[in-house]
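Coordinates in review
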Amino acid sequence: MGEPNRLPPQGPVGAYQTFSVRSRPDKAVRTVCEQVGCAAWRQGWESVIDEATDLGKQQAQYIRTQSGRTFREQRTAAGLTVFRFESGQRCFADHRTRPELYLVRDGDFRGNPTGRKRVHTRPADWVEHMQEEFGRFNDDRKRG
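Residues numbered from 1 in each chain as written. Predicted model: local features only at pLDDT ≥ 70, side-chain atom pairs only at ≥ 80, totals over all residues. Heavy atoms only, no water.

Structural notes on the sheet that holds strand β4 (residues 71-75)
The following threshold applies: Two strands are counted as paired when DSSP detects at least two bridges linking them. Numbered from the N terminus, helices here are DSSP runs of H or I no shorter than four residues, and strands are runs of E no shorter than two. Note on geometry: axes are lines fitted to C-alpha atoms, helical ones only across the stretch in contact, with angles between N-to-C directions running from 0 to 180 degrees.
One open sheet accounts for three strands, arranged β3-β5-β4; its pairing is antiparallel. Strands with a single pairing partner mark the edges of an open sheet, and in this sheet they are β3 (45-49) and β4. Adjacent strand axes in the sheet meet at a mean angle of 20°, parallel and antiparallel pairs treated alike. As judged from the five bridges shared by β4 and strand β5 (residues 81-85), these two strands associate in the antiparallel manner. Looking at the pairing, Arg75 lines up with Thr81 of β5.

Observations regarding the sheet that holds strand β8 (residues 117-120)
Pairing is antiparallel in the open sheet, where three strands are placed in the order β1-β7-β8. In this open sheet, the two edge strands, each paired with only one partner strand, are β1 (17-23) and β8. Here the strands of the sheet are splayed against their neighbours by 25° on average, with no regard to which way each runs. Across four bridges, the pairing between strand β7 (residues 100-106) and β8 is antiparallel. Residue pairing across strands places Val104 opposite Arg118, the latter belonging to β8.

Put into structure tokens, the structure is as follows:
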């Protein structure tokens, strides 16, 4: 990948802050449906179970007694059991994601002269920090 197209900096490297979002490609963590945009969580889902088999009996027993999820149960003409789960609850999939790091460091592409950096634990805090800095920048610009 080539060098990005940049305007020449107008000030010293210490006059800048860099806000970035990164994720480690080698680290995946288990996460909840809502964070990965799971369609089953958003819209609900159906599980069709054949209780004529041993596996089907075990699955249906688990859903009814241990799953802790809200559902409606129906039987089909073919004798299958259909469990209809409401939206907004965790599905049965094991979702994994790469956690994001919300970083702020002094300096720009030329380096970090102070060595200072901050990792925000919540995206909302990172956004708030960036908005505060942009507000200061705009105030300074208006003053001349």
